[in-house]
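# What the coordinates show
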Amino acid sequence: METRAKKYPLALPELGKLERKYLMEAFDSGWISSKGKFILEFEKGFANYIGRDHGISTSNGTTALHLALASLGIGPGDEVIVPDLSFVSPANMVRLSGARPVLADSNPYYWGVDVNTIEQCLTRKTRAVLVVHLYGHPVDLDPILELCNSRGLDLIEDCAEAHGAMYKGKKVGSFGRVSCFSFFGNKLLTTGEGGMCLTDDEALAEKMRLLRDHGADRNRQFWHPVIGFNYRMTNLQAAVGCAQLKSLPKRIRKYQRIGHAYTRRLDSSKFAPHPEMKWAECVFWMYTLLVVGINEKRRDRIIEQLKKDGIETRPIFYPISSLPPYQKERTNNTVAKSLSKRGISLPTYASLTNDDINYICDRLQAICS
Ligand SMILES: *Cc1c(COP(=O)(O)O)cnc(C)c1O
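Notes on the structure in this doc start here. (Residues numbered from 1 in each chain as written. Predicted model: local features only at pLDDT ≥ 70, side-chain atom pairs only at ≥ 80, totals over all residues. Heavy atoms only, no water.)

Attention now moves to the pairing of strand β12 (residues 288-291). Residues of β12 alternate between two faces, with T288 and L290 on one and L289 and V291 on the opposite face, all of them buried. When β12 meets strand β14 (residues 343-345), the two strands line up antiparallel, connected through 3 bridges. Looking at the pairing, L289 lines up with I344 of β14. (Buried < 20%, exposed > 50% of the residue type's maximum accessible area, 1.4 Å probe, protein only. Helix = DSSP H or I, 4+ residues; strand = E, 2+ residues; numbered from the N terminus. Pairing = 2+ DSSP bridges.)

Given below as structure tokens:
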């Protein structure tokens, strides 16, 4: 058996000279907290990149989600439809806001929620629909937007895994009333920790800025008309973000090349590849596949065996309805459950070479046969 000393992490940030230069510039300026030129520059630059009028940077993607919900006045008595198959953060923030997260099932082809699964969750209490563009792949937004518009519901997009992904030629994050991003270390654009809310609604943007900063009146010091948070990003983080934004389009192309290479290389009788619908341009944040005909135990063994070959992988998310704080939510999300048992995410980062991909695929195919 071929053994390699090389280790393959699941994700790796791409940090270059420009990140270091801007970071040192922020450091040397003394503006290391949440004031400084990089913050506005990053907010403007990122909003402009996605195609929105306003960017409100935050301390991370989770606080961005909470800020979005709070600014829309979502609270006790309200219900927000969230995907069952997702990172837990959106459901947690709906709970934290005092509202009830209603867990919708996945579409079997692109894994995010589809309009039918959302419709089944609607009640008189539904206030908003929070979609997640899972693993870099957009959800089918047109019918969801139509449903939201006809029912007067707010659409919130969680784009934490899909910076630059396109739905019918338009970037995700440009559709929701508010769209939220994360800049955690393993995301396509990182500031270490960090996040942002985007919107075209000026009043809502102003409200988010107010709530982000202790609810402090801008014209009267220490006057707090409402209860707010401290969800601010630092100038140091924003400096890194400004540099990362410049290389983002190139990085996305690298991830797409890697995604397509995995799909080409893997035996399609053994694996269902990472989704890519005709109407979507996926950015392959963490190339994720399904192994055909396995159960959860077998999947976990495959992950263990890959680890011995120096290949770090991870299971797809567990349905949120299976986690202890959410087990009381009555759901019958068979698609999410079925995807969750069979899914594995493979190493995906900019410096991964074709050789690396070949080795990872060889090991995976050998273990699975
Ligand atoms: C990463 C992620 C978040 C949260 O981001 P943090 O910056 O780690 O708080 C939220 N939603 C989804 C779908 C994510 O993948």
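From this point, the narrative continues.
Direction vectors running N to C along helix α3 (residues 61-71) and helix α7 (residues 202-212) enclose 120°, while the axes themselves pass 9 Å from each other. The pairing of α3 with α7 is recorded here as oblique in orientation. As for the relative orientation of α3 and α7, their crossing is right-handed in sense. Facing L67, A68, A70 and S71 of α3, the residues of α7 in contact are L204, K207, M208, L211 and R212. (Axes fitted to C-alpha atoms, helices over the stretch in contact; angles between N-to-C directions. Parallel < 35°, antiparallel > 145°, perpendicular 65-115°, else oblique. Left-handed = near helix turned anticlockwise from the far one by under 90°. Contact = heavy atoms within 4.5 Å.)

It helps to recall that an α-helix has 3.6 residues per turn; residues three or four apart then point in one direction. With 9 of 11 residues buried, α3 lies mostly within the body of the structure. N-capping of α3 is provided by N60, with a side-chain oxygen placed 2.9 Å from the backbone N of T62. Positioned one or two residues after α3, G73 has a phi angle of 70°, which is positive. (Polar contact = N/O pair within 3.5 Å; in protein donor to acceptor, adjacent residues only side chain to side chain.)

Moving on to the sheet that holds strand β6 (residues 166-167). With respect to topology, 3 strands assemble into an open sheet ordered β7-β6-β11, the strand pairing being antiparallel. Two strands close off the open sheet at either side, each with one partner strand: β7 (170-171) and β11 (280-281). Across 2 bridges, β6 lies against β7 in antiparallel orientation. Bridge pairing in β7 places Y167 opposite K170.

Moving on, we get to unusual backbone geometry. One non-glycine residue, K168, adopts positive backbone phi at about 50°. The topology assignment puts K168 in the loop between β6 and β7. For H214, which is not glycine, the phi dihedral falls at a positive 60°. Looking at H214, the relative accessible area reads 38%, which means it is partly exposed.

For the structure shown, the criterion picks out 1 cavity of 30 Å³ or more. Around the largest cavity, the lining residues are L12, P13, E14, G185, K187, L188, T190, Q244, R251 and Y255. For the lining of the largest cavity, the per-class residue count stands at 4 nonpolar, 3 polar and 3 charged. (1 Å grid on protein atoms, 1.4 Å probe; cavity = no way out; pocket = protein on both sides within 12 Å on 5 of 7 lines; lining within 4 Å. Points joined across faces, edges and corners; volume = space filled by probe spheres on them. Nonpolar A, V, L, I, M, F, W, Y, C, P; charged D, E, K, R; others polar.)

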